[in-house]
Amino acid sequence: MARKKIALIGAGQIGGTLAHLVGLKELGDVVLFDIAEGIPQGKGLDIAESAPVDGFDAKYKGANDYADIAGADVIIVTAGVPRKPGMSRDDLIGINLKVMEAVGNGIKQYAPNAFVICITNPLDAMVWALQKFSGLPPEKIVGMAGVLDSARFRHFLAEEFNVSVEDVTAFVLGGHGDDMVPLVRYSTVAGVPLPDLVKMGWTTQEKLDAMVERTRKGGGEIVNLLKTGSAFYAPAASAIAMAESYLKDKKRVLPCAAYLSGQYGVNDMFVGVPIVIGENGVERIVEVAFSADEKGMFEKSVASVQGLVDACKQINPALA
Ligand code: A3D
């Protein structure tokens, strides 16, 4: 059986980490694409030279020409610019929208059958624009955010309870902004919902509220520490989990920015919701019932995504 081909558009911090993880997990051969000459070639060669030490087989190719992504099975997009301290994700929209146009055209021409995962911020608007520019069917393109946001929440919870991260599940919905919606009653330790754990005295409501808030601002916390860019290890790991579910038809249930056409009362937008990822891409969108509070939070988050989509349409009227 031929190896899968995984194209990484953007060979920066996340792109390089993705390339390394693809090798370590033997998911396939890698094409690292970037407009910067030498960076994808250098990173690809460096990782290929680590393969004999770690004992994995994968071919690496650095590229500056979209022709090299031809026939890719999976494409993960990180091309664009990340945040610096003081910037919101939304400040990136002007530059990254142009990048999505170039990337979308490249995908349309060379890899229209790929399953595409977008990571570029502001996430929910960029994945929406990338779908329009690439013309991909909506079930073949998703945005990575919820897996990362849930992982951050799970990390904080596991630390607080002093239990394995493996036994903590978390449920974060909505847009990938500071008004994302962590749903505590659907988040558990080995199946026990967080509100029950508060009643059992494992933590207090105040501490739980603080962890929810820290999750919402989790990206900014890393930006402020790094000062030169944004998080890359956890974002890369999260996108790999999504790619793996597609490549191995695992049918994992993961929170991702998916195209909604009426679900949750939302139309023609990508918003973070639980989905099943299998060999056909997005195989199911899971619609959970909200409490009045949760509904309010979700609607606020959707309104921010709508604002970003509207801004894209203003910048590029072809998207309207
Ligand atoms: P960085 O290390 O700057 O890498 C971006 C790469 O994109 C650079 O190597 C650039 O040369 C390249 N690039 C720029 N323009 C183009 C183009 N037109 N075509 C191809 N390549 C291009 O950034 P990073 O890897 O740290 O982050 C990448 C993106 O992910 C940023 O937009 C971040 O904001 C975003 N991000 C999203 C999340 C989410 O959870 C959604 C988390 C962390 C970062």
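Residues numbered from 1 in each chain as written. Predicted model: local features only at pLDDT ≥ 70, side-chain atom pairs only at ≥ 80, totals over all residues. Heavy atoms only, no water.

- Within an unreviewed UniProt entry, the label attached to the protein chain reads Malate dehydrogenase, and the organism entered is Microvirga aerilata.
- Recorded under Sequence similarities (unreviewed entry), the UniProt text for the protein chain is reproduced unchanged: "Belongs to the LDH/MDH superfamily. MDH type 3 family."
- Quoted verbatim from the Function (unreviewed entry) heading of the UniProt record, the comment on the protein chain is "Catalyzes the reversible oxidation of malate to oxaloacetate." (UniProt positions renumbered as here; feature names shortened; annotations may be inferred.)

### Here's the deal with the site of the ligand
Alright, step 1. Around the ligand, the surrounding shell holds 25 residues, and the nearest of these are Gln13, Ile14, Asp34, Val81 and Ile119.
Alright, step 2. The contact in question runs from an oxygen atom of the ligand to an N or O atom on the backbone of Ile14, over 2.9 Å.
Alright, step 3. The separation between an oxygen atom of the ligand and a polar side-chain atom of Asn121 is 3.1 Å.
Alright, step 4. When the ligand sits alone it has 880 Å² of accessible area, and the protein chains cover 87% of it.
Alright, step 5. At the level of secondary structure, the elements contributing two or more residues to the shell around the ligand comprise helix H1 (13-24) and helix H3 (93-110).
Alright, step 6. Grouping the amino acids of the shell around the ligand by side-chain chemistry returns 15 nonpolar, nine polar and one charged. (Near = heavy atom within 4 Å. Polar contact = N/O pair within 3.5 Å; in protein donor to acceptor, adjacent residues only side chain to side chain. Areas by Shrake-Rupley, 256 points an atom, 1.4 Å probe, with all protein chains shown as cover. Helix = DSSP H or I, 4+ residues; strand = E, 2+ residues; numbered from the N terminus. Nonpolar A, V, L, I, M, F, W, Y, C, P; charged D, E, K, R; others polar.)

### A closer look at the UniProt feature "domain: Lactate/malate dehydrogenase C-terminal" (unreviewed entry) in the protein chain
Alright, step 1. The sites that UniProt annotates as "domain: Lactate/malate dehydrogenase C-terminal" (unreviewed entry) are residues 148-304.
Alright, step 2. Overall, residues 148-304 shows 44% helix and 24% strand. The separation of its end C-alpha atoms is 19 Å.

### Some thoughts on the packing of H3 against helix H4 (residues 123-134)
When two helices pack together, their arrangement is given by the angle between the helix axes and by the axis-to-axis distance.
Alright, step 1. Look at H3 against H4: their axes get within 8 Å of each other, and the N-to-C directions meet at 35 degrees. In this structure, the crossing between H3 and H4 has a hand that is right-handed. The residues of H4 that touch H3, namely those facing Ile93, Asn96, Leu97, Met100, Glu101, Val103, Gly104, Asn105, Ile107 and Lys108, are Met126, Ala129, Leu130, Phe133 and Ser134.
Alright, step 2. Looking at the contact of H3 with H4, its residues break down into nine nonpolar, four polar and two charged. (Axes fitted to C-alpha atoms, helices over the stretch in contact; angles between N-to-C directions. Left-handed = near helix turned anticlockwise from the far one by under 90°. Contact = heavy atoms within 4.5 Å.)

### Some remarks on the pairing of strand E2 (residues 29-33)
Alright, step 1. Of all the five residues making up E2, four are buried; the element is thus mostly covered by neighbouring parts of the structure.
Alright, step 2. Note: strand E1 (residues 5-9) against E2, five bridges, orientation parallel. Within E2, the residue paired with Ile6 across the bridge is Val30.
Alright, step 3. As paired strands, E2 and strand E3 (residues 60-63) are joined by four bridges and run parallel to one another. The partner of Phe33 across the bridge, within E3, is Ala63.
Alright, step 4. Crossover connection from E2 via helix H2 (residues 39-54) to parallel E3: handedness right-handed. (Buried < 20%, exposed > 50% of the residue type's maximum accessible area, 1.4 Å probe, protein only. Pairing = 2+ DSSP bridges. Right-handed = clockwise from strand over helix to strand, strands pointing away.)

### Looking at the UniProt feature "binding site: NAD(+)" (unreviewed entry) in the protein chain
Alright, step 1. As annotated by UniProt and renumbered to match this structure, "binding site: NAD(+)" (unreviewed entry) occupies Gly10, Ala11, Gly12, Gln13, Ile14, Gly15, Asp34, Asn96, Ile119, Thr120 and Asn121.
Alright, step 2. Mapped onto the fold, Gln13 is located in helix H1.
Alright, step 3. Apart from residues lying up to four places away in sequence, Gln13 is in contact with Lys43 and Phe232.
Alright, step 4. If you trace the backbone, Asp34 turns up in the loop between E2 and H2.
Alright, step 5. When its relative accessible area of 14% is taken as the criterion, Asp34 is described as buried.
Alright, step 6. Once residues lying within four places of it in the same chain are set aside, the contact partners of Asp34 are Gly10, Ala11, Gly12, Pro40, Ala63 and Asn64.
Alright, step 7. Reaching out from Asp34, the side chain makes a polar contact with the backbone nitrogen of Ala11 at a distance of 2.7 Å.

### Focus on the packing of helix H5 (residues 146-161) against helix H7 (residues 205-216)
Alright, step 1. Running from N to C, H5 and H7 cross one another at 145 degrees; their axes reach a closest spacing of 9 Å. The way H5 lies across H7 gives a crossing that is right-handed. Contacts between H5 and H7 involve Asp149, Phe153, Phe156, Leu157 and Glu160 from the former and Lys207, Leu208, Met211, Val212, Arg214 and Thr215 from the latter.
Alright, step 2. For the contact of H5 with H7, the per-class residue count stands at six nonpolar, one polar and four charged.

### Observations concerning the pairing of E1
Alright, step 1. The buried fraction of E1 is high, at four of five residues.
Alright, step 2. Crossover handedness for the path E1 to H1 to E2: right-handed.
Alright, step 3. Of the strand pairs in this sheet, E1 and strand E4 (residues 74-77) are connected by four bridges, and their pairing is parallel. Within E4, the position partnered with Leu8 by the bridge is Ile76.

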